[in-house]
Each structure stands twice: as C-alpha cells, then as structure tokens.
Amino acid sequence: MSGRRYWVSSPPALLEGMEGEIDEADEEKLEAVGGALAELGFMEDRDNVQLVFKTRDLEQACEVARAARAAWAITDNPLDGDSVEITAQPECPRCGRLGRFRDPFCASCGVPMLPAEDIDPDTGAVRPRR
Ligand SMILES: [Zn+2]
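First, a word on scope: everything that follows refers to the structure included in this document.

What counts, and where the lines are drawn
Residues numbered from 1 in each chain as written. Predicted model: local features only at pLDDT ≥ 70, side-chain atom pairs only at ≥ 80, totals over all residues. Helix = DSSP H or I, 4+ residues; strand = E, 2+ residues; numbered from the N terminus. Contact = placed C-beta atoms within 7 Å. Core = buried A, V, L, I, M, F, W, Y, C linked by C-beta atoms within 7 Å. Buried ≥ 20, exposed ≤ 12 C-beta atoms within 10 Å, placed from the backbone. Axes fitted to C-alpha atoms, helices over the stretch in contact; angles between N-to-C directions. Parallel < 35°, antiparallel > 145°, perpendicular 65-115°, else oblique. Left-handed = near helix turned anticlockwise from the far one by under 90°. Pairing = 2+ DSSP bridges. Expected span 1.5 Å × (residues − 1). Arc of directions from axis to C-beta.

### Re the overall build of the protein chain
Counting secondary structure elements, the protein chain contains three helices and six strands. Shown N-terminal to C-terminal, the secondary structure of the protein chain runs as helices and strands in the order β-α-β-β-α-α-β-β-β. Across the protein chain, the fraction of contacts at a sequence separation of at least 24, relative to all contacts at a separation of at least 6, is 53%.

Laid out in structure tokens, this is it:
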C-alpha cells in the first residue's frame, strides 16, 4: 500500500440559506445526506466549498466514497453523488512533505512532487486527471 494521503471530497449537502428556498421533502433528504456525511467523518474544507475526508488508507477512502455516493442516492440529484471524488494529494518523494494541489515541486527540497491523482472509488485504481 502506498503512503499517499487521499482526499475524499463531496459537495456540501444543505447550504446555509437554502432552508426555505427548496421544498420541504428535498430539504429533509439533504439534511439526511448531510447527517450521513458527518457520520462518515466528512469535514468542511476551509478553502473550498466542499466537504472532505482525509485518510492514508486507500481502502478506507474507497469505502467512504462509496458510502457517500450511496447517501447522495436518496436525493433527486444523483449528479451530486457522482461528484464524490478521491484525489491523492501531491507529496514529496524525498522528504514526504505534503503539497498543495497545484504545487509541482517540493517547497523544502525542490524535487518534483508525486502528482495529484484521481482514484476510482470502485476499483481503487488511478485514473487519468481531468
Ligand atoms: Zn521534499
């Protein structure tokens, strides 16, 4: 197993201010999705409008991503569930420093980072970056 750190990302379920703007049945479903995601351990990402779950365990990342997709499946917007993604974070092969997603080189030793990689939640295999 590689030691990469994996980010499982999901769109947020019920955004602040959405209450009252969507019909009650949808609101309940989104609340349920939000509850399920919180239970799985998803946290709000400070930089982006998304929820993330971070782990060094690829198998766990796949399990969490599939569970998140299943949670989203109760809504009428399966597209949101399809956007649950797993991404390996850039990492320095020499010192192990974790990079930001657009860092090509390690900020400490200057060597090329192991690049970000998209992982298929169903197979755990790397798939081409979009
Ligand atoms: Zn380094």
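### Here we look at the nonpolar core
V8, L37, A61, A65, A68 and I86 are the most contacted members of the largest nonpolar core, which has 19 residues in total. Elements with a minimum of two residues in this core: β1 (6-10), α1 (24-40), β3 (51-55) and α2 (58-72). Examining the composition of this core, we find that seven residues originate from one element, α2, more than from any other. Excluding residues that lie within four positions of it along the chain, A68 makes contacts with V8, S10, L37, L40 and V84.

### What about the packing of α1 against α2?
At a minimum axis separation of 9 Å, α1 and α2 run at an interaxial angle of 165 degrees. Our classification of the angle between α1 and α2 gives roughly antiparallel. The hand of the α1/α2 crossing is right-handed. For the pair α1 and α2, the contacting residues are V33, A36, L37 and L40 in the first and V64, A67, A68, A71 and W72 in the second.

### Quick word on the environment of Q50
When you line up the elements, Q50 lands in the loop between β2 (43-44) and β3. A residue is classified by how many C-beta atoms lie within 10 Å of it, and Q50, with 16 of them, is partly exposed. Between the C-alpha atom of Q50 and that of A13, which follows or precedes it by 37 residues, the distance is 9.1 Å.

### Things to note about the pairing of β1
Residues of β1 alternate between two faces, with Y6, V8 and S10 buried on one and W7 and S9 left unburied on the opposite face. Across four bridges, the pairing between β1 and strand β4 (residues 85-88) is antiparallel. Paired with S9 across the two strands is E85, which belongs to β4.

### Let's talk about α2
For the α-helix, the turn length of 3.6 residues means that residues three or four positions removed from each other point alike. Taking 1.5 Å of rise per residue, 15 residues should cover 21 Å, and α2 covers 21 Å from first to last C-alpha, within 8% of that figure. All buried positions along α2 are accounted for by A61, C62, V64, A65, A68, A71 and W72.

### A look at α1
Counted at 1.5 Å a residue, the expected span for α1 with its 17 residues is 24 Å, and the 24 Å between its end C-alpha atoms agrees. For α1, every residue scored as buried is listed here: L30, V33 and L37. The buried residues of α1 occupy an angular sector of 55 degrees when the element is viewed end-on, so they sit on one face. For α1, exposure combined with an orientation more than 90 degrees from the buried face picks out E24, A25, E28 and E39. Taken together, the buried residues of α1 touch β1, β3 and α2. Taken from the residues just after α1, G41 is the one with a positive phi, measuring 105 degrees.

Distances and angles like these do not, on their own, reveal function.
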